[in-house]
Amino acid sequence: VLSDTRYLFADATIEDIIVVMSTSSLYTLGEIIEGALFVYTNGGTYSSESQMPRLLSALKNAGYSFEDVAAAFDAKGWKDWIKAFSKYGIAASDVAVYLKSTGTTMEQVIEKLAPYPLKDRALVLREEYDQEPNAAITALGQHTHEDPEEISRAVAWAYGGDPITLWIQTPRSQGAS
C-alpha cells in the first residue's frame, strides 16, 4: 500500500502516508510497521536498524504511544527493539515500565536492558524497583557481565554516594569478611 500510494501521490512522503494509514481502521500498527520497514529498507537493501529513527519518528508523529510501538515490536518477536530504542532516545525507565507491565521480572528487565548504559540500569533499579544501593549492586552483578568496579560507580552515580564505600559494603552485605 505504501509503495502504491507513493506512486499515485508522488509528493506524499512515507511519513505522511503513515499518518493517514494510522487514522484508518483498515490497518493494524503491526501492518503499518511492516510496510514502513519494507519501504524504508528498500525491500531489504538497507538494514531495518538503520531506519529505526525514521520509523520511530513517523510512528510518534502519527500519534502512536511508545508502549503501543514496543508492544507491536514485542509481539512480532523482534529481539533488537530495545537496542534500537536505546540508540534513539527512548529512556531505559520507559522500557522498564513497559516490560514490567508485561510481567517481566526485575532480573529479566536488567538483562533485557543490556544495550543501555550501566548508569541507566542502576537508575531503573532505584526508580522502578525501589532497590537499596547494595541490592542494586548485587542484582547488577548477578545479571550483567559488567566489572564490579563499574557497577559500583554506576550505582554511586544513580544513588549518590562514594563508589569505593559501596564496593566495600557489597561483599560484606553478602556475608564476606
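Within each chain, residue numbers correspond to sequence positions counted from 1 in written order. pLDDT decides what is reported in this predicted model: residues at 70 or higher carry local features, side-chain atom pairs at 80 or more are listed and counted, and totals for whole chains, interfaces and linings draw on all residues regardless. To get the side-chain values, take all heavy atoms of the structure and skip hydrogens and water.

> Can you tell me about the overall build of the protein chain, naming the residues and giving the values?
Numbering of helices and strands runs from the N terminus, with a helix taken as a DSSP run of H or I at least four residues long and a strand as a DSSP run of E at least two residues long. Within the protein chain, the secondary structure is distributed over 12 helices and 0 strands. For the protein chain, the sequential pattern of α-helices and β-strands runs α-α-α-α-α-α-α-α-α-α-α-α. For the protein chain, the residues scored as buried account for 36% of the 177 residues in total. Element-wise, carbon and sulfur atoms account for 51% of the exposed surface of the protein chain, whose accessible area totals about 9900 Å². To sort residues, take the accessible area from a 1.4 Å probe on protein chains only and compare it with the maximum for the residue type: under 20% means buried, over 50% means exposed, and anything in between is partly exposed. The Shrake-Rupley method, run with a 1.4 Å probe sphere, supplies the accessible areas, and residue values consider only the shown protein chains as cover.

> Go over the pattern of salt bridges, please, and point to the residues and values.
Salt bridge, as applied in this entry: a Lys or Arg side-chain nitrogen positioned within 4 Å of an Asp or Glu carboxyl oxygen. Enumeration over the complete set of coordinates arrives at 5 salt bridges. One salt bridge in this structure joins Glu-146 and Arg-121, with 3.1 Å as the shortest N-O distance. Of this pair, Glu-146 sits in the loop between helix H10 (133-143) and helix H11 (148-159) while Arg-121 sits in helix H9 (residues 118-127), and the two are 25 residues apart along the sequence. The class of Glu-146 is partly exposed, set by a relative accessible area of 34%. Here Glu-149 and Arg-153 are joined by a salt bridge, their closest N and O atoms 2.6 Å apart. Here Glu-149 and its partner Arg-153 are both found in helix H11, 4 residues apart, which amounts to about one turn of the helix. You can call Glu-149 partly exposed: its relative accessible area is 38%.

> Can you explain unusual backbone geometry? Please cite residues and give values.
Glycine aside, a negative phi is what most residues show, and trans is what most peptide bonds show. Phi is positive for Asp-130, close to 50 degrees, though the residue is something other than glycine. As for its position among the elements, Asp-130 is in the loop between H9 and H10.

> Explain the side chain of Arg-121 residue by residue, including any values.
A residue is classified by how much of its surface remains accessible, and Arg-121, at 4% relative accessible area, is buried. In what follows, residue pairs with any heavy atoms lying within 4.5 Å of each other are defined as contacts. Residues contacting Arg-121, with those up to four places away along its chain left out, are Ile-110, Leu-113, Ala-114, Tyr-116, Leu-140, Thr-144 and Glu-146.

> An account of the packing of aromatic side chains is needed here, citing residue identities and associated values.
Aromatic rings from Phe, Tyr and Trp, taking only the six-membered ring of Trp, are treated as a pair when their centres fall within 6.5 Å; an angle between ring planes under 30 degrees marks them as stacked, one over 60 as edge-to-face, and anything in between as tilted. A complete count under the given rule lists 5 aromatic pairs for this structure. Geometrically, the ring pair formed by Phe-66 and Phe-85 is tilted, given 5.5 Å between the ring centres and 55 degrees between the ring planes. Here Phe-66, found in helix H5 (residues 66-75), pairs with Phe-85, found in helix H6 (residues 81-87); they are 19 residues apart in sequence, far enough to count as distant. Feature note: the residues Phe-66, Phe-73, Trp-78, Trp-81, Phe-85 and Tyr-98 constitute an aromatic cluster, connected by ring pairs. Placement of a charge over a ring requires the Lys NZ or Arg CZ to be within 6 Å of the ring centre, with the centre-to-atom vector within 35 degrees of the ring normal. The lysine or arginine in question, Lys-100, covers the ring of Tyr-129, its NZ or CZ lying 4.7 Å from the ring centre.

> Now, about the environment of Asn-61: what can you tell me, with residues and values included?
Here Asn-61 shows up in helix H4 (residues 52-61). The class of Asn-61 is exposed, set by a relative accessible area of 57%. Spatially, the C-alpha atom of Asn-61 lies 8.1 Å from that of Glu-15, the residues being 46 residues apart in sequence.

> Help me get a handle on the packing of H10 against H11, residues and values and all.
Structural elements are reduced to axes, namely lines fitted to C-alpha atoms, with helices fitted over the stretch in contact, and the angle between N-to-C directions of any two is expressed from 0 to 180 degrees. Interaxial distance between H10 and H11 falls to 10 Å at its minimum, and their mutual angle equals 140 degrees. Judged by the inter-axis angle, H10 sits oblique to H11. For H10 against H11, the interelement crossing comes out right-handed. Contact residues: Pro-133, Ala-136, Ile-137, Leu-140 and Gly-141 in H10; Ile-151, Ser-152, Val-155 and Tyr-159 in H11. Here the contact of H10 with H11 is built from residues that sort into 7 nonpolar, 2 polar and no charged. Angular relationships are summarised with four words: roughly parallel below 35 degrees, roughly antiparallel beyond 145, roughly perpendicular across 65 to 115, and oblique for the angles in between. Helix crossings are classified by the rotation of the near helix relative to the far one: an anticlockwise turn of less than a right angle makes the crossing left-handed, while a clockwise turn makes it right-handed. The nonpolar class holds Ala, Val, Leu, Ile, Met, Phe, Trp, Tyr, Cys and Pro. Asp, Glu, Lys and Arg form the charged class, and all remaining residues, Gly among them, are polar.

Geometric descriptors of this kind do not, in isolation, establish any biological role.
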